[in-house]
Amino acid sequence: MRQMTVAAMAAIAVLAASAGLAGCASSTTSTSNSATAPAAGGGSSAAASCSNAAIQGQLYAKGMLTVATDKPVYPPWFVNNKPANGQGYESAVAYAVAAQLGFSKSQVTWAYEPFNSSYAPGPKKFDFDVNEISYSAQRAQVVTFSDSYYDVQQALVALKNSPIVTKHSPADLKSYVFGDQVGTTSLQFINSQIQPSQTPKVFETLNDVKQALQTKQIAALVTDTPTAEFITTEIPGSVVVAQFPSTGEHYGLLFAKGNKLVTCVNKALATLKGNGTLAKLTAQYLKDFTSVPTIQP
């Protein structure tokens, strides 16, 4: 759901044009461009290829796993604005991946990377970035994404006394004024999926969007469900109205284009899914959103 700046979009557009690409795909594309993980049954050679010793030559800083994120960071993805404390879903996932790659907690270092520059073309000063970055075919032209570490559903946030709380069928939604942060997949969702009759209001930051909701400049905003739940703790009298059916949108760990480390990270994520670690962390930090009603098409 996170923001893409005009500069970043322009850089991607230039690259796409030079490659002869016709337009850019929807941000809800579900197929990752990450490198293919070694096939099952590859034997000891496949296992050795992702050993800590074997991946040292692929690291930004030898002996350390460098993980990037923005500043500040917020719940439920991080806790107390401290990525290195291992608390919050994304911090915990980063350390769980690191452990699978053979790194101790002291061998993980955190780097500051503004969200807007994380998916810009060029070299990166980190091994991977974790910052609620939705995979999209457009972004994947210039960076590489891991497989999903969290599948995203968009949700609707409004004030409790707003008509949209009780009248939000797909047909009803077209009549409201929405607002969202510039360049986000949530704004794209409003335009492509809700298709309101009035052009959504666009704001520079999520804080601006929240202020617009509080002052009734907009009827509702759209964001991923965990963030929507957090927003309702910040805006008095607000509520998560409902969530939308999944479009296949998901968050991926972001790497420099072509970084081979993604193969081993995907193996780590597969293990964490298989052994229940991701499910446990989801339950711990992101709660069960099955109680949030889903808007039916």
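Source: prediction; values computed, not measured.

*Asks:* Looking at this structure, I do not really get the overall build of the protein. What am I missing?
*Replies:* A tally of helices and strands in the protein yields ten helices and ten strands. Residues counted as buried form 51% of the 297 residues belonging to the protein. Looking at the protein alone, contacts between residues at least 24 apart form 74% of all its contacts between residues at least 6 apart. Accessible area for the protein stands at about 12900 Å²; split by element, carbon and sulfur atoms hold 55% of it.

*Asks:* What should I look at first to understand the packing of aromatic side chains in this one?
*Replies:* Here the distance between the centres and the angle between the planes together describe a pair of aromatic rings. Inspection of the entire model under this criterion finds 13 aromatic pairs. With 6.2 Å between their ring centres and 40 degrees between their planes, Tyr149 and Tyr251 make a pair best called tilted. On the criterion of sequence distance, the pair formed by Tyr149 in strand E4 (residues 143-151) and Tyr251 in strand E10 (residues 250-256) is long-range, its members being 102 residues apart. In terms of burial, Tyr149 and Tyr251 fall into one category: buried. Through a chain of ring-to-ring contacts, three or more aromatic side chains come together here, namely Trp77, Tyr89, Tyr149, Tyr150 and Tyr251. Directly above the ring of Tyr112 sits Lys71, whose terminal nitrogen or CZ lies 5.0 Å from the centroid. The cationic tip of Lys105 hangs over the ring face of Tyr95; the distance from NZ or CZ to the ring centre is 5.2 Å.

*Asks:* For this particular structure, what's the right way to read the pattern of salt bridges?
*Replies:* Counted by the stated rule, this structure contains two salt bridges. Salt-bridge contacts for Glu234 lead to Lys210; the nearest nitrogen and oxygen are separated by 2.6 Å. Taken as a pair, Glu234 in helix H8 (residues 225-234) and Lys210 in helix H7 (residues 206-214) lie far apart in primary sequence, 24 residues in all.

*Asks:* Sorry if this is basic, but what is going on with the layout of surface pockets here?
*Replies:* Estimates place the volume of the second largest pocket at around 200 Å³. Around the second largest pocket, the lining residues are Pro170, Leu173, Lys174, Phe189, Gln193, Ile194, Phe244, Pro245, Thr247, Ile295, Gln296 and Pro297. Of all the secondary-structure elements, those providing two or more residues to the lining of the second largest pocket are helix H5 (170-173) and helix H6 (185-194). It is H6 that provides the largest number of residues to the lining of the second largest pocket, a total of three residues. Residues belonging to the lining of the second largest pocket are distributed by class as follows: eight nonpolar, three polar and one charged.

*Asks:* Would you take a moment to explain unusual backbone geometry for this structure?
*Replies:* Across residues other than glycine, the phi torsion is negative in most instances, and most of the peptide bonds are trans. With an omega of 0 degrees, the peptide bond between Lys71 and Pro72 qualifies as cis. As for its placement among the helices and strands, Pro72 is situated in the loop between strand E1 (65-69) and helix H3 (89-100). For the bond from Pro75 to Pro76, the omega torsion is 0 degrees, close enough to zero to count as cis. Mapped onto the elements, Pro76 comes out in the loop between E1 and H3.

*Asks:* Whenever I open this one, the packing of H3 against helix H9 (residues 261-274) confuses me. Can you help?
*Replies:* Between two packed helices, both the angle of their axes relative to each other and the distance between the axes serve to describe the pair. For the pair H3 and H9, interaxial distance at closest approach is 9 Å and the crossing angle is 110 degrees. As far as their axial angle goes, H9 and H3 are roughly perpendicular. Across from Ala96, Val97 and Gln100 in H3, the residues of H9 making contact are Val265, Ala268, Leu269, Thr271 and Leu272. Of the residues that constitute the contact of H3 with H9, the class distribution is six nonpolar, two polar and no charged.

*Asks:* Would you take a moment to explain the pairing of E1 for this structure?
*Replies:* Successive residues of a regular strand alternate their side chains across the two faces of the sheet. Among the five residues that make up E1, five are buried, leaving the element largely enclosed by the rest of the structure. In terms of strand pairing, E1 meets strand E2 (residues 108-112) through five bridges, oriented parallel. Counted as the bridge partner of Thr69 is Tyr112 from E2. Taken together, E1, H3 and E2 form a β-α-β motif whose crossover is right-handed. Here two bridges tie E1 to strand E3 (residues 128-129), and the two strands are oriented parallel to one another. Bridging from a neighbouring strand, Ala68 pairs with Asp129 of E3.

What counts, and at which threshold
Residues numbered from 1 in each chain as written. Predicted model: local features only at pLDDT ≥ 70, side-chain atom pairs only at ≥ 80, totals over all residues. Heavy atoms only, no water. Helix = DSSP H or I, 4+ residues; strand = E, 2+ residues; numbered from the N terminus. Buried < 20%, exposed > 50% of the residue type's maximum accessible area, 1.4 Å probe, protein only. Contact = heavy atoms within 4.5 Å. Areas by Shrake-Rupley, 256 points an atom, 1.4 Å probe, with all protein chains shown as cover. Phe/Tyr/Trp six-rings, centres within 6.5 Å; stacked < 30°, edge-to-face > 60°. Lys NZ or Arg CZ within 6 Å of the ring centre and 35° of its normal. Salt bridge = Lys/Arg side-chain N within 4 Å of Asp/Glu carboxyl O. 1 Å grid on protein atoms, 1.4 Å probe; cavity = no way out; pocket = protein on both sides within 12 Å on 5 of 7 lines; lining within 4 Å. Points joined across faces, edges and corners; volume = space filled by probe spheres on them. Nonpolar A, V, L, I, M, F, W, Y, C, P; charged D, E, K, R; others polar. Axes fitted to C-alpha atoms, helices over the stretch in contact; angles between N-to-C directions. Parallel < 35°, antiparallel > 145°, perpendicular 65-115°, else oblique. Pairing = 2+ DSSP bridges. Right-handed = clockwise from strand over helix to strand, strands pointing away.

Everything listed here is a matter of coordinates, which is why it stays silent on function.
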